[in-house]
Amino acid sequence: MPTPQRLQRIAERIQEEISEMLVMGEIRDPRLSGVTITGVKVDREFAYADIYVSAVEGSQRAPEILEAFNHASGYIRRLLADRIELRVFPRLRFHWDPTPERADRIERLLASLRSNPSTAETQNQPASPDEGEARNETA
């Protein structure tokens with residue numbers, strides 16, 4: 001049974017290697033331009049490696065990117081097996097990671113609140129003095 005630290009090291013190494021393959025042009029699929037490997041998780045039995053990807057353009061391109069990765073998964077797995085020594089190399093499963101898009105949306109919301117503080121203040125203030133007293137009594 002591998003330790004959690006070993007699983008993490010292997011996952012990080014897979015992430016680094018696939019990222020390098022994309023940057024160096026070893027995977028020559030035009031559908032994969034602008035793609036980022038955001039994370040990798042390897043299960044305890046080394047049966048699967050779940051690879052999370054994202055792109056600058058957002059989720060509009062998710063189906064085509066995942067299709068490209070799934071099409072090239074055998075090739076990528078063979079390259080990884082040559083570079084990372086494991087008795088059995090896990091099968092690769094690719095997933096879309098919406099985290100960067102969510103973070104961008106949150107940043108835009110925060111920026112709009114910062115640029116328009118009067119709107120945020122009026123939303124937090126009670127509409128009438130009586131309403132404010134009612135809130136304090138229930139709290």
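This one's a predicted model, so the numbers in the text were calculated from it and none came from an experiment.

(A) Region of the structure containing the sheet that holds strand E1 (residues 35-42). Spatial strand order, E1-E2-E3: three strands in an open sheet with mixed pairing. Single-partner strands in this sheet number two, and they are E1 and strand E3 (91-96). The mean inter-strand angle of the sheet, taken between neighbouring strand axes irrespective of direction, is 30°. Relative to E3, strand E2 (residues 48-55) is paired through six bridges, and the arrangement is parallel. Along E3, the bridge assignment pairs Tyr48 with Arg91.

(B) Fine view of the nonpolar core. In this structure, Ile14, Val42, Ile51, Val53, Phe69, Ile76 and Leu80 are the most contacted members of the largest nonpolar core, which totals 33 residues. At the level of secondary structure, the elements contributing two or more residues to this core comprise helix H1 (4-24), E1, E2, helix H2 (62-83) and E3. Looking at this core element by element, the count peaks at nine residues for H2. Once you skip the residues sitting within four places of it in the chain, Val42 turns out to touch Leu7, Ile10, Ala11, Ile14, Tyr48 and Ala49.

Calculation rules
Residues numbered from 1 in each chain as written. Predicted model: local features only at pLDDT ≥ 70, side-chain atom pairs only at ≥ 80, totals over all residues. Heavy atoms only, no water. Pairing = 2+ DSSP bridges. Helix = DSSP H or I, 4+ residues; strand = E, 2+ residues; numbered from the N terminus. Axes fitted to C-alpha atoms, helices over the stretch in contact; angles between N-to-C directions. Core = buried A, V, L, I, M, F, W, Y, C linked by side-chain atoms within 4.5 Å. Buried < 20%, exposed > 50% of the residue type's maximum accessible area, 1.4 Å probe, protein only. Contact = heavy atoms within 4.5 Å.

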